[in-house]
Amino acid sequence: MPRTFLSGLAALFALALSASAETVLRVGYFPNITHAQALVASQLSRMGRGWFEPWLGPEVKLQWYPFNAGPSAMEAVFTGSLDLTYVGPTPALNAYAKSRGEEIRLIAGAANGGAALLVQPDGRIATPQDFKGRKLATPQLGNTQDVAARAWLKKQGFRITQLGGEVFVVPTQNPDQLTLFTRRQIDAVWTVEPWVSRIETEGGGKIYLEQKDAVTTVLATSVKFLRTHPDMVKRFAAAHAALTDWMNAHPAEAKLLAIAALKEVTRADFKPELADRSWARLTFTSEISVAPFEAIVADAQSVGFLRGARDLSRLVVPQ
């Protein structure tokens, strides 16, 4: 048998081995400015300047998957369709409670702040008691801002139920919130960036209360993936922390990359001034601890959510 043929077979065999050794890492995120690390990194990947790729090594193929809702992203982690995901705290807590603490872990923080309560500019709401009988929109029943709104209203002395009460809390998709607010058909909105800034600039909304320190986005994984690929998780978390530091040091460049990613995924325009306004209300950090989640659970349980979330001692596993 000719040597050249044997050499060709060897090369093909080596190529096959290399391909079979490749590991695909699937990461979820939302096309939202609050998931800026994923936006920046996915755009750099599209440009052939991947941020995470050098940290992960040539044997790992990184794939980015946009989602529109936290529950669907966490369900993808449950089923093994995603390995890691950027997600809001309440969907992560719901998934943790649903699995009785057996399947979900939070490995890093991503963003804090960027959430606020806005009211109509005509003065109809000036004090907490002015909310009585009013309509307050939140993004989704039981989501992070919905729970925050209900818990805050209860602390003001209002009787609040999931279906009614003394203030009408109306779960409404963000685009619809803006339309209804602009038409003066709702009195207030509790939402997150970039919708806070859009309602403020396009709808004339006035900031009544701002959650500057609230946990907005975290980085989550499954227990199975953490156990089977601990080194990959550690490298991804390290790259995420380094990217967060870079974004904080280079906000102008980071915003341009995030805007480009948003346009690529949503096929819609995203104005630079809106990014500037949203960015200023967010704090990007990879730090994470269990204390803020204990507070979220306490608020959620006070208004009828997250009944199954009790022991959070296994929730947070910083890398």
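Refer to the structure above for everything that follows.
Notes on the structure in this doc start here.

1. What to know about the layout of surface pockets
Consideration 1: Within this model, the largest pocket holds a volume of roughly 1300 Å³.
Consideration 2: Taken together, 47 residues make up the lining of the largest pocket; nearest its centre are Phe30, Asn32, Asn68, Asn174 and Trp195.
Consideration 3: At the level of elements, α4 (70-79), α5 (89-98), α6 (144-155), α7 (174-182), α8 (195-202), β12 (215-222), α11 (251-266) and α12 (272-281) are the ones that each hand at least two residues to the lining of the largest pocket.
Consideration 4: Sort the elements by how many residues they give to the lining of the largest pocket and α5 lands first, with six residues.
Consideration 5: Residues belonging to the lining of the largest pocket are distributed by class as follows: 20 nonpolar, 19 polar and eight charged.
Consideration 6: In this model, the second largest pocket occupies a volume close to 280 Å³.
Consideration 7: In terms of lining, the second largest pocket is formed by 16 residues, of which the most central are Ala148, Gln211, Ala214, Ile296 and Asp299.
Consideration 8: For the lining of the second largest pocket, the elements supplying multiple residues, two or more each, are α6, β11 (206-211) and α13 (291-302).

2. Description of the side chain of Arg281
Consideration 1: Tracing the chain through its elements places Arg281 in helix α12.
Consideration 2: At 3.4 Å, the side chain of Arg281 and the side chain of Glu210 are in polar contact.
Consideration 3: Apart from the residues within four sequence positions on either side, Arg281 is in contact with Asn112, Gly113, Gly114, Glu193, Val196, Ser197, Glu200, Ile207 and Glu210.

3. Considerations on the packing of α11 against α12
Consideration 1: At a minimum axis distance of 10 Å, the contact between α11 and α12 shows a crossing angle of 120°. With respect to α12, the axis of α11 lies oblique. In terms of crossing hand, the pair formed by α11 and α12 is right-handed. Seen from α11, the contacting residues are Pro251, Ala254, Lys255, Ala258 and Ile259; seen from α12, they are Pro272, Ala275, Asp276 and Trp279.

4. A short note on the sheet that holds β11
Consideration 1: On the basis of which strands lie adjacent, the open sheet formed by five strands has the order β9-β6-β10-β5-β11 and mixed pairing. Of all strands in the sheet, those bounded by a partner on one side alone are β9 (168-171) and β11. On average, each strand axis in the sheet is tilted by 20° relative to the strand beside it, whichever way the strands run.
Consideration 2: Pairing of strand β6 (residues 135-138) with strand β10 (residues 188-192) involves two bridges; the strand directions are parallel. Each residue of the ladder has a partner; that of Ala137, found in β10, is Val189.
Consideration 3: α7 rests against β5 (115-119), β6 and β10 of the sheet, and its axis sits at about 150° to β10.

5. Looking at the pattern of salt bridges
Consideration 1: A complete count under the given rule lists 19 salt bridges for this structure.
Consideration 2: Between Arg235 and Glu59 there is a salt bridge, with its nearest N and O atoms 3.5 Å apart. Taken together, the residues Arg235 in helix α10 (residues 230-249) and Glu59 in the loop between α3 (52-56) and β2 (60-66) connect sequence positions 176 residues apart.
Consideration 3: For Arg235, a relative accessible area of 22% gives the class partly exposed.
Consideration 4: Here Arg281 ties to Glu200 by a salt bridge, and the two come within 2.8 Å at their closest N and O atoms. Remark: Glu200 occurs in helix α8 and Arg281 occurs in helix α12; sequence separation between them is 81 residues.
Consideration 5: Residue classification places Glu200 among the buried positions, given a relative accessible area of 18%.
Consideration 6: Members of the salt-bridge network, linked through shared partners, are Glu193, Glu200, Glu210, Arg277 and Arg281.

Parameters and conventions
- Residues numbered from 1 in each chain as written.
- Predicted model: local features only at pLDDT ≥ 70, side-chain atom pairs only at ≥ 80, totals over all residues.
- Heavy atoms only, no water.
- 1 Å grid on protein atoms, 1.4 Å probe; cavity = no way out; pocket = protein on both sides within 12 Å on 5 of 7 lines; lining within 4 Å.
- Points joined across faces, edges and corners; volume = space filled by probe spheres on them.
- Helix = DSSP H or I, 4+ residues; strand = E, 2+ residues; numbered from the N terminus.
- Nonpolar A, V, L, I, M, F, W, Y, C, P; charged D, E, K, R; others polar.
- Polar contact = N/O pair within 3.5 Å; in protein donor to acceptor, adjacent residues only side chain to side chain.
- Contact = heavy atoms within 4.5 Å.
- Axes fitted to C-alpha atoms, helices over the stretch in contact; angles between N-to-C directions.
- Parallel < 35°, antiparallel > 145°, perpendicular 65-115°, else oblique.
- Left-handed = near helix turned anticlockwise from the far one by under 90°.
- Pairing = 2+ DSSP bridges.
- Salt bridge = Lys/Arg side-chain N within 4 Å of Asp/Glu carboxyl O.
- Buried < 20%, exposed > 50% of the residue type's maximum accessible area, 1.4 Å probe, protein only.

In short, the description is geometric, and any link to function would need to be established separately.
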